[in-house]
Amino acid sequence: MCLAVPGKILSTTGDDPITRSGRVSFGGVVKEVSLAYLPEAKADDYVIVHAGFALSIVDEAEATAVFEYLTQLAAEDGEEQEPAP
Amino acid sequence: MKYLDEYRDPDAARRSLDAIHALVTRPWTLMEVCGGQTHAILKFGLDELLPPQVELLHGPGCPVCVTPLEKIDRAIALASRPGVIFCSFGDMLRVPGTDRDLLAVKAAGGDVRVVYSPLDAVKIARDNPARQVVFFAVGFETTAPGNAMAVYRAKAEGLANFSLLVSHVLVPPALEAILASASCRVQGFLAAGHVCAVMGYEEYFPISVRYRVPIVVTGFEPLDILMGIHMCLTQLEEGRAEVENQYTRIVRQEGNRPAQLLVSQVFEVVDRPWRGIGPIPGSGLSLRREYWDFDAERRFDLTAVGLTPEPAECRSGEVLQGLIKPSECAAFGSRCTPEHPLGATMVSSEGACAAYFRHRRQ
C-alpha cells in the first residue's frame, strides 16, 4: 500500500483544485490520477502516486544525490589512503 | 523506467556495500520500518551482503498486517449484508478473519469489489444510489489523504449511501512503542520514505532525541536502502543520533501540506489496537464528528460481531515488533503459506512472512 513507482504526467485536466487530475504513465501503463494534493504539478513532471493520488513530485536536482554520496565516499576514502608528503 | 532502474545499478550497489563493510567496527541492529523496504531487502538479498555484525529487523509497516482481527470481522459482516457493495484495496481480500476472509464472502455471492482508488468507490456509490457502498479505509499516512478526499467529496456531493470502515494507523507512535519496550533491540531506524513524503519528518525529531536513536528517512530501491543503512551506521559509529533524509528526491522536511490539511480536517487521532501488537496510544485515525454520518461503524449495527482471540499458533505479533524472524516460527512454510495463511504477515505484499516465503523459503 505504501509502495509506489514514479510516473510521468502526460497531461492534466480541470481547473478546480479539488477535482484536477492527470494522465500518468507508469512505464507505459497509463492511469487517471488525482492532482488535488499537488496544485503545482504539470505535464512532464514525475510524481509518486498512492491509491490514485499524486503526493510528491520527483525533485530532478536531487535525483543524483545517491551517486554523489557514493562519489564523496570514494573521495574521502582516497584522501585517507593518500601517503603523507 | 526513469527514476527506477538507475537505483538498481549493481556496480553502485557493490561500491555502497564496500563502504558499509569499511565503516562497521561493531555489531549494530537496525530496523527498516516499511514492509515495502523489507520486500526490497529480501528480493535483492541485501541483508545477506551486509557485514555479519549488521542485523536488519523488519518493522511493523504493513497496514494489511496490523489491521485488527475485529475490523476484518466487521468488514466480512458488512460485505455479507444484502444490498451492500463492499469496496477494498485488493490486498485486504485474503486476510484471514475469525472464520473466513473477504474473498470467501465474494465467492459466496457477496458484492465485494477491488478498487484502485477510494474515488472509485465514491463513483460506485454515485452510480448505485439504491445500494449502500462501504469502503475499507485502511493504511498508513500514504493512503489517508486519498481516503480523506473520498469522504470529503462524498459529503460535498451529499452521497448518503457512501461510508467508510476506518482502520487507519500512524507510523511515529508505533516507533515509540517499539523503542519504549523493554525487549527493544533497535539501535537505528530506516524510516518509511513514502509516509514521510506525506507527513514530512518533523515528527521524528523529538523521538530521535528522547530515545537517542538515529532515524534516516529512506527510499525503496536497493541503492536508497544501502545509502540509508550507510548513513544510519555512520551516525552509530560516530555516536550521533539525528534525523537525516536519504530520500531527498521525494521527501521534503515539511511533507505535503495540502494533504496533511485535509487529513486533519476529516480525521482525528485516536488510540488504536494493532493486530499482533495490541493497543498503541494515539496511533490511529478516526472520522471527526462532522463526518460521523459517513462512518460505517455508526451507520450499521455491528454489535453482533464479537471479539475473538488471535490464532495461538501465529507469531506475527513478534515478527511485526522485530522480536523474531519469520523463519523462526514453527508454522512458517508448513502450516502457514501464502495459499493457507494463519496471519496477515503471510498474506500481504508488504508482510515480512510473505517476503521470506517468496524470496528466502527457509
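Residue positions are counted from 1 within each chain, in the order its sequence is given. Going through the entries in the order they are written, you letter the chains from A and number the ligands from 1. This being a predicted model, a pLDDT of at least 70 is required before a residue's local features are given, and a value of 80 or more before pairs of side-chain atoms are given or counted; all residues contribute to the totals for chains, interfaces and linings.

## A closer look at the overall build of chain B
Stage number 1. What chain B contains, in helices and strands, is 16 helices and 11 strands.
Stage number 2. A globule of 362 residues ought to have a C-alpha radius of gyration of about 21 Å, and chain B, at 21 Å, matches this closely.
Stage number 3. Overall, chain B is about 65 × 45 × 45 Å in size when its C-alpha atoms are taken along their principal axes.
Stage number 4. Relative to its 362 residues, chain B shows a buried fraction of 56%. Runs of E in the DSSP output that reach at least two residues are strands. Runs of H or I that reach at least four are helices, and both are numbered from the N terminus. For a compact globule the rule gives 2.2 Å times the number of residues to the power 0.38, and the radius of gyration it is set against comes from C-alpha atoms. Buried means a residue has 20 or more other C-beta atoms within 10 Å of its own C-beta, exposed means 12 or fewer, and partly exposed covers the counts in between; C-beta atoms are placed from the backbone.

## Thoughts on the overall build of chain A
Stage number 1. The number of helices and strands found in chain A is one helix and five strands.
Stage number 2. In chain A, the succession of α and β elements from N to C terminus is β-β-β-β-β-α.
Stage number 3. Compactness check: chain A gives a C-alpha radius of gyration of 19 Å against a globular reference of 12 Å for 85 residues, more than 25% above the reference.
Stage number 4. If one aligns the C-alpha atoms of chain A with their principal axes, the spans along those axes are about 65 × 20 × 20 Å.
Stage number 5. Counting over 85 residues, chain A shows a buried share of 38%.
Stage number 6. Once C-beta atoms are placed from the backbone, any two residues with those atoms within 7 Å are in contact. For chain A, long-range pairs separated by at least 24 residues make up 28% of all intrachain contacts whose partners lie at least 6 apart in sequence.

## A few points about the interface of chain A and chain B
Stage number 1. Contacts between chain A and chain B engage 30 residues on the former and 42 residues on the latter.
Stage number 2. Secondary-structure elements contributing two or more residues to the side of chain A that touches chain B are strand S4 (46-50), strand S5 (53-57) and helix H1 (65-81) of chain A.
Stage number 3. With seven residues, H1(A) is the single largest residue contributor to the side of chain A that touches chain B.
Stage number 4. The nonpolar class holds Ala, Val, Leu, Ile, Met, Phe, Trp, Tyr, Cys and Pro. Asp, Glu, Lys and Arg form the charged class, and all remaining residues, Gly among them, are polar. Considered class by class, the residues forming the side of chain A that touches chain B number 23 nonpolar, five polar and two charged.

## Quick look at helix H9 (residues 171-180) of chain B
Stage number 1. All of the buried residues in H9(B) are B:Val171, B:Pro172, B:Pro173, B:Ala174, B:Leu175 and B:Ile178.
Stage number 2. Elements that come into contact with the buried residues of H9(B) comprise strand S1 (28-34), strand S2 (54-61), strand S7 (188-192), helix H10 (193-199), helix H11 (204-211) and strand S11 (278-287) of chain B.

## Points about the nonpolar core
As a rule of thumb, nonpolar side chains are buried together in soluble globular proteins.
Stage number 1. Remark: nonpolar core denotes a set of buried Ala, Val, Leu, Ile, Met, Phe, Trp, Tyr and Cys residues whose joining runs through C-beta atoms within 7 Å. If you look at the biggest cluster of nonpolar residues, it comprises 146 residues, and the most contacted ones within it are A:Val47, A:Ala54 and B:Ala191.
Stage number 2. Counting contributing residues per domain, this core is built from domain 1 (5-63 + 171-245) and domain 2 (65-170 + 255-299) of chain B, each supplying no fewer than three.
Stage number 3. When neighbours within four sequence positions are excluded, B:Ala191 is seen to be in contact with B:Val33, B:Cys196, B:Tyr201, B:Tyr204, B:Ile215, B:Val216, B:Val217 and B:Thr218. All the domain ranges listed were derived from an automatic or database domain assignment.

## Points about the sheet that holds S2(B)
Note on sheets: strands pair through backbone hydrogen bonds, and any given pair is parallel or antiparallel.
Residue and element names in this part refer to chain B.
Stage number 1. Strands are treated as partners if at least two bridges between them are detected by DSSP. Read across the open sheet, the five strands follow the order S2-S1-S7-S8-S9; overall the sheet is parallel. Lying at the two open borders of the sheet, with one neighbouring strand each, are S2 and strand S9 (243-245). Between one strand and the next, the sheet's axes are offset by a mean angle of 25°, whatever the strand orientation.
Stage number 2. Across three bridges, strand S8 (residues 215-218) lies against S9 in parallel orientation. When the sheet's bridge partners are listed, Val217 is paired in S9 with Asn245. Between N-to-C directions, angles span 0 to 180 degrees; the directions come from axes that are lines fitted to C-alpha atoms, helices contributing only their stretch in contact.

## Topic: the sheet that holds strand S3 (residues 84-88) of chain B
Residue and element names in this part refer to chain B.
Stage number 1. Taken together, the six strands give an open sheet; going across it, the order is S4-S3-S5-S6-S11-S10, and neighbouring strands pair in mixed fashion. Only two strands of the sheet have a single partner each, and these edge strands are strand S4 (111-114) and strand S10 (267-274). For this sheet the average axis-to-axis angle between neighbouring strands, irrespective of direction, equals 25°.
Stage number 2. The pairing of S10 with S11 spans seven bridges and is antiparallel. Considered in S11, the bridge of Phe267 is made with Leu287.

## Quick notes on the domain arrangement of chain B
Residues and elements named next belong to chain B.
Stage number 1. The domain architecture assigned to chain B consists of domain 1 (5-63 + 171-245) and domain 2 (65-170 + 255-299).
Stage number 2. Its C-alpha centre places domain 1 at a distance of 30 Å from the equivalent point of domain 2.
Stage number 3. Residue-level contacts link 16 residues of domain 1 with 21 residues of domain 2.
Stage number 4. For the side of domain 1 that touches domain 2, the secondary structure elements donating two or more residues are S2, H9 and H10.
Stage number 5. At six residues, the largest contribution of residues to the side of domain 1 that touches domain 2 is made by H10.

## Here we look at unusual backbone geometry
All names here are of chain A.
Stage number 1. Of note in this structure, Asp44 is not a glycine but carries a positive phi near 80°.
Stage number 2. Looking at the secondary structure, you find Asp44 in the loop between strand S3 (29-34) and S4.
Stage number 3. What makes Asp44 exposed here is the crowd of 9 C-beta atoms within 10 Å.

## Things to note about the pairing of S1(B)
Residue and element names in this part refer to chain B.
Stage number 1. The element S1 is largely enclosed, with a buried count of six among its seven residues.
Stage number 2. As paired strands, S1 and S2 are joined by six bridges and run parallel to one another. Across the sheet, the residue bridging to Glu32 is His58, located in S2.
Stage number 3. Judged from the three bridges that link them, S1 and S7 form a sheet pairing that is parallel. When the bridges of S7 are listed, Leu30 appears paired with Gly188.

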